[in-house]
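Remarks on the overall topology
What follows is the residue order along each chain.
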Amino acid sequence: MKKKIVVVGNGMVGYKFCEKLITKDTAQEFDLVVFGEEIRPAYDRVHLSAYFAGKTVEDLTMAPASWYAENGITLHLSDPIVDIDRDAKTVRSHHGLVEMYDYLVLATGSAAFVPPIPGVEKDGVFVYRTIEDLDMMQNHAKKAKKGAVIGGGLLGLEAAKALLDLGLEETHVIEFAPRLMPRQVDDAGSKMLQSKLEELGLKIHLNRNTQEIRGNGAISSMLFADGLELEVDMLVISAGIKPRDEVARIAGLEVGVRGGVIVNDYLQTSDPNIYAIGECALAHHMIYGLVAPGYEMADVVVNQLVKDKEKSFKPFDMSTKLKLIGVDVASFGDAFIQEPNCQTIVYENSAKGIYKRINVSNDGKYLLGGILIGDAEQYNMLLQNVKNQTILPPDPEDLMLGARGGKEESGAGVMALPDDALICSCEAISKGQICGEVLAGNNTLDAIKKCTKAGTGCGGCVPMVKDLINETMKSQGVYIRNIICEHFDYTRQELFDLVKIKGYKTYEEALDGLGHGDGCETCKPAVASILASLWNEMILVKGNDTIQDSNDRYLANIQKNGTYSVVPRIPGGEITPDKLIVIGQVALKYGLYTKITGGQRIDLFGAHVSDLPAIWEELVNAGFESGHAYGKALRTVKSCVGSTWCRFGLHDSVSFAIEIEERYRGLRAPHKFKSAVSGCTRECAEAQSKDFGIIATEKGWNLYVCGNGGVKPQHALLLASDIDSETCIKYIDRFLMFYIKTAEPLTRTATWLNKLEGGMDYLKAVVIDDVLGLNKQFEDEMNMLVEAYRCEWKEVVTNPELRKRFTHFVNAPHVKDPNVKFEPMRDQIKAAEWVK
Amino acid sequence: MSNILAEDTLVWHLACSEADIPENGGACALIEGEQIAIYNFKRRGEWFATQNLCPHRQQMALSRGMIGSAGEEQEPKVACPFHKKTFSLKSGACLSGDDYQIQTYPVKVENGMVYIGI
């Protein structure tokens, strides 16, 4: 005869109880019935504010209703339990259902605590607890301008974030205490947090007691005890939680003076067949208002019921790390202990908004706790130090500041932890368990998440889990290779060499010979780039057209609305008036938007795919060729005007730029690459921001390599100084071939250099001192590629078979895509805005 | 354009000739006012057709995407050229983690001509 467990409440902890019971009840001893008050199954309340940032209810749902059905769980939603008959061991629901139980689990959670301020019932006053609350807030926010939140604690600041996300013009945070987050953060930390949050647009009021909420029907202002009045038309009350213990009270279970169902170390209430877990339970005289201890409670009860290893619920570590409106806030161990009971080390940097405090035992051996504001990167390691009572290094401040000066390998620290160190506190997963799974073959983050559930709760331990995976793999001597994708078990460098040795000229040959499956959008362009770098054949022939990334396939850059932009090559940025006129005529004829690019060229936007060959034909006839703006290839060699005109110029930078651009035009590489030549040290061509840049000196040229702008700008580094033009080109040949052969796909030269062991010293040794003995080969290969260059546009223009591919409709070649829309702007056109 | 009635309720529409669709790639045909992307998955000896519209940014672009396969099941897929959202050519389901669904169509090739069933 099966026993029946009834779970009262379907929030995160109630759900977790079901999940754990299903996993551990292998003997299928129990029937499980769940009653939930809300209309939908349990969802992730911790990340509720993500709802305003675009997550859907489905994204937040812990498991869909179908999951309960599949696991034989009876789920009653919108039907809270209203009465418990402990003698008959039955519960009665709001809809009148009466259910027998052998064990009852109360997981009723908590409600927002609303202080008895006159006026809280007015329109525009909300609590922040459920999806329904959020929907109502969202609705109201459409017509609201100024919002306020009562409560400067963790939940209050979350609510303030929600108001910012809703787009209110002003958001005020009203806190009764003299500081923000009084439970987690000390005075100095609170001040730092406050100034960071004020920078982000929040207006913060401390020591402020709300006396009345004013307004005629709807809220119009708040009146404080000090007489000040604040005009607002929306208010969220987030002043704390109160445990949902109503039904426990009715049933005569023991409850705390300030609420909460009293439980023992086994989470039994005063009736041993009734358990309470999560935020409704009062354990060790406190309410645990975090998700991790709630999950642990669920685990404790499940273990008792299925008679697995017995464990009790121990005082739970309330350390927390979170990102509040983009600001890291963490508090761990004994955060508030003060001298003389400990030694406190504080680091404060108000320019960066960073505050860190650690509390160390008086003998200097152990870390007791601490607070991190603005930068909580070391949180996990610090917390592990507290939990495992690790003996501290002689300079414990290194732990919170990171080792300074010396080079240290990141992630190595995790391996020093003991095997029983708790890595994921939400799911109670230890380092030993994770490393064990990695050794058993679950060596990706996804696999670890799947088999241990580590990192699936709050996600805070994910960086540590990643480090553990990598370090465990390394300790096994596993060389972590960045293979191309599931179809090729090779790194790009290996694939490059193999394709060369085998002499493959097409993707199909490479896939048949070296890969498996049908290929994909990762390996196709990677192989296309290798083929082009090796042989420099026309990229659209031999069936290689459909392996090209979209821009390469159409020899133009796809833009919003599906039209393309066309960039003819203008070497060194030098152009004749006649050619300028042709560009203008072509743009007029095909209705194109024209703009000067950052690389001293002219970009023509808005070309229909079927117009491309005709546009190229006119450009090619006027002496232009492709600028390869669409390719992972040489873009432009920018130049200043140089010694021909400039009174400061040392050499003819324009002529040298043209020579270089024409040498490397069309050369395909793992990523795009750019260059520039400056005629003197004033550097008007900005050569030091390029993949290779050349600056004139009194005696010759200085050659800089591996710079780039973009997301992470990096200056190019000096490779050789005062060299003549011939040597300069020789070095560039070698540098580029070395890069092309060894870089991973889509890696710019700067990133490639950063990853290159030995860095710039090694690069110099290869390119200048020829330590690899490959320079002769590099130069020969480059000469072969330069010889093989042909203009791709011209080949399409003169080849009817290729030209035919440039249509939108294969069965109606002259019809243009009717969905393409333009809008007028400043006497030109722009692409119609797309759906967001 | 000639329409050929088939069994069931499908109406087979002549789209183009076999040679109009590049091998292991796609092209777009205009059929009854609809933009339909047709793929010649030569490597698998299979043909597929889907809507040409990528639901992500509502762009008529799927026919210009790269095709390939994913996973142990070797699910045939197409990647939109705009942001590389990928879709199953069989089911139309989005394979890159979003909730999109695209329309797929049956294809038949007879005597060198390609027909789409709508």
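What you see is a predicted model; the values in this text were computed from it and never measured.

Reading the values: the criteria
- Residues numbered from 1 in each chain as written.
- Chains lettered and ligands numbered in written order.
- Predicted model: local features only at pLDDT ≥ 70, side-chain atom pairs only at ≥ 80, totals over all residues.
- Helix = DSSP H or I, 4+ residues; strand = E, 2+ residues; numbered from the N terminus.
- Buried ≥ 20, exposed ≤ 12 C-beta atoms within 10 Å, placed from the backbone.
- Contact = placed C-beta atoms within 7 Å.
- Arc of directions from axis to C-beta.
- Nonpolar A, V, L, I, M, F, W, Y, C, P; charged D, E, K, R; others polar.
- Axes fitted to C-alpha atoms, helices over the stretch in contact; angles between N-to-C directions.
- Left-handed = near helix turned anticlockwise from the far one by under 90°.
- Pairing = 2+ DSSP bridges.
- Core = buried A, V, L, I, M, F, W, Y, C linked by C-beta atoms within 7 Å.
- pLDDT = per-residue confidence, 0-100.
- Parallel < 35°, antiparallel > 145°, perpendicular 65-115°, else oblique.

**Section: the overall build of chain A**
Along its length, chain A carries 26 helices and 38 strands. Out of the 836 residues belonging to chain A, those deemed buried represent 45%. Taking the contacts inside chain A whose residues are at least 6 apart along the sequence as the reference set, 62% of them involve residues at least 24 apart.

**Thoughts on the overall build of chain B**
When helices and strands are counted, chain B shows zero helices and 13 strands. Reading the secondary structure of chain B in the N-to-C direction produces β-β-β-β-β-β-β-β-β-β-β-β-β. Scored against the burial criterion, the 118 residues of chain B give a buried share of 50%. Nonlocal contacts in chain B, meaning residues at least 24 apart in sequence, comprise 41% of its contacts between residues at least 6 apart.

**What to know about helix α11 (residues 431-439) of chain A**
Each α-helix winds once per 3.6 residues, and so residues spaced three or four apart point in a common direction. All names here are of chain A. For α11, the full list of buried residues reads K431, Q433, I434, E437 and V438. Here the buried residues of α11 occupy an arc of 165° about the axis, which is enough to place them on one side. Buried residues along α11 sit against β26 (422-424), β27 (429-430), α12 (445-452) and α13 (462-475).

**A word on the interface of chain B and chain A**
If you look at the interface, chain B gives 29 residues, while chain A gives 25 residues. Residue assignment for the side of chain B that touches chain A shows that the elements contributing at least two residues are β2 (11-17), β3 (25-31), β7 (59-60) and β8 (66-70) of chain B. Of all the elements, β3(B) adds the most residues to the side of chain B that touches chain A, at five residues. When the residues that make up the side of chain B that touches chain A are grouped by side-chain class, the tally is 15 nonpolar, seven polar and seven charged.

**Let's talk about the packing of helix α1 (residues 12-24) of chain A against helix α8 (residues 291-305) of chain A**
Residues and elements named next belong to chain A. Following both chains from N to C, one finds α1 and α8 inclined at 40°, their axes separated by 9 Å at the closest point. Every pair of crossing elements has a handedness; the one defined by α1 and α8 is right-handed. Contact with α1, carried on its side by M12, V13, K16, F17, K20, L21 and K24, involves V291, G294, Y295, M297, A298, D299, V301 and V302 of α8 and no other residues of that element. Partitioning the contact of α1 with α8 into residue classes produces ten nonpolar, one polar and four charged.

**Topic: the sheet that holds strand β25 (residues 367-373) of chain A**
Residue and element names in this part refer to chain A. Reading across the sheet, the five strands line up as β21-β22-β25-β24-β23 and stay open at both edges, with antiparallel pairing between neighbours. Looking at strand neighbours, the two that pair on one side only are β21 (320-324) and β23 (343-349), the edges of this open sheet. With strand direction ignored, the average angle separating the axes of adjacent strands in the sheet is 10°. Looking at chain direction, strand β22 (residues 327-333) and β25 are connected through five bridges and run antiparallel. The residue of β25 that forms the bridge with F332 is G370. Running at roughly 160° to β25, helix α9 (residues 379-388) makes contact with β21, β22, β24 (354-360) and β25 of the sheet.

**Looking at the nonpolar core**
One finds A29(B) and I38(B) to be the most contacted residues of the largest nonpolar core, which totals 88 residues. Counting residues per element, this core draws most heavily on helix α16 (residues 523-535) of chain A, which supplies eight residues. Apart from residues lying up to four places away in sequence, A29(B) is in contact with F809(A), V810(A), N811(A), A15(B), C16(B), I36(B) and I38(B). Membership of the second largest hydrophobic core comes to 69 residues, among which are A248(A), L282(A), C424(A) and L468(A).

**A closer look at the confidence of the model for chain A**
When pLDDT is averaged along chain A, the result is 90, and 98% of the positions lie at 70 or above. Here residues 405-412 of chain A scores under 50 on pLDDT; set against residues more than four positions off or in separate chains, the count is five contacts.

**Here's the deal with helix α19 (residues 612-621) of chain A**
Residues and elements named next belong to chain A. By the burial criterion, the buried members of α19 are L612, P613, I615, W616, L619 and V620. Projection of α19 onto a plane perpendicular to its axis shows the buried side chains occupying an angular sector of 160°, all on one side. As for α19, its buried residues are in contact with α17 (550-554), β29 (564-566), α18 (577-590), β31 (602-607), α25 (792-797) and α26 (800-804). Just past α19, the residue G623 takes up positive phi, approximately 100°.

**Description of the packing of α11(A) against α13(A)**
Residues and elements named next belong to chain A. It is the contact of α11 with α13, at a shortest axis distance of 9 Å, that shows an interaxial angle of 50°. With respect to each other, α11 and α13 are oriented oblique. Seen along the crossing, α11 lies across α13 with a hand that is right-handed. Here α11 contributes K431, I434, C435, V438 and L439 to the contact with α13, which in turn contributes V465, L468, I469, T472 and M473.

**Remarks on the pairing of strand β34 (residues 692-696) of chain A**
All names here are of chain A. Burial runs high along β34: five of the five residues are buried. Going residue by residue along β34, you find F692, I694 and A696 tucked away on one face and G693 and I695 tucked away on the opposite face as well. Taken together, the four bridges between strand β33 (residues 673-678) and β34 define a ladder with parallel strand orientation. Each bridged residue has a counterpart across the sheet, and for A676 the counterpart in β34 is G693.

**Notes on the sheet that holds strand β11 (residues 104-105) of chain B**
Two pairing modes exist for strands in a sheet, parallel and antiparallel, and in both the strands are linked by backbone hydrogen bonds. Residue and element names in this part refer to chain B. Taken in spatial order, the four strands line up as β3-β4-β5-β11 in an open sheet, and their pairing is antiparallel. The open sheet is flanked by β3 and β11, the only strands paired with a single partner. The sheet contact formed by strand β5 (residues 46-51) and β11 spans two bridges and is antiparallel. Bridged to T50 within β11 is T104.

**So, the pairing of β23(A)**
Residue and element names in this part refer to chain A. Here seven bridges tie β23 to β24, and the two strands are oriented antiparallel to one another. Bridged to E348 within β24 is Y355. As consecutive antiparallel partners, β23 and β24 are separated by four residues, and within that stretch G353 has a phi angle of approximately 70°, a positive value.

**Observations concerning the environment of L667(A)**
Residues and elements named next belong to chain A. Position of L667 among the secondary structure elements: in the loop between α20 (653-664) and β33. A residue is classified by how many C-beta atoms lie within 10 Å of it, and L667, with 23 of them, is buried. If we skip the residues at most four places from it in the chain, L667 touches A633, L634 and L785.

**Thoughts on unusual backbone geometry**
Residues and elements named next belong to chain A. The linkage connecting E339 with the following residue, P340, adopts the cis geometry, with an omega of 10°. By secondary structure assignment, the location of P340 is in the loop between β22 and β23. Although it is not a glycine, D827 adopts a positive phi angle of roughly 70°. One can find D827 in the loop between β37 (822-825) and β38 (828-831). On the neighbour-count criterion, D827 (5 C-beta atoms within 10 Å) is exposed.

**A closer look at the confidence of the model for chain B**
Residue and element names in this part refer to chain B. For chain B, the mean per-residue pLDDT works out to 89, and 93% of the residues sit at or above 70. Taking the mean pLDDT of every element in chain B, the minimum, 46, falls on strand β1 (residues 3-5) and the maximum, 96, on β5. Counted against residues more than four places away or in other chains, residues 1-6, with its pLDDT under 50, gives eleven contacts. With pTM at 0.54, the complex prediction returns an ipTM value of 0.89.

**Brief notes about the environment of V6(A)**
Relative to the elements of secondary structure, V6(A) occurs in strand β1 (residues 3-8). Along the chain, V6(A) and T74(A) lie 68 residues apart, while their C-alpha atoms are 9.5 Å from each other.

**What to know about the environment of S221(A)**
All names here are of chain A. As for its position among the elements, S221 is in strand β14 (residues 221-224). Accessibility expressed as a C-beta count within 10 Å gives 17 for S221, which makes it partly exposed. Considering only alpha carbons, one finds S221 and A148, 73 residues apart in sequence, at a separation of 9.8 Å. When neighbours within four sequence positions are excluded, S221 is seen to be in contact with R214, G215, E229, L230, E231 and V232.

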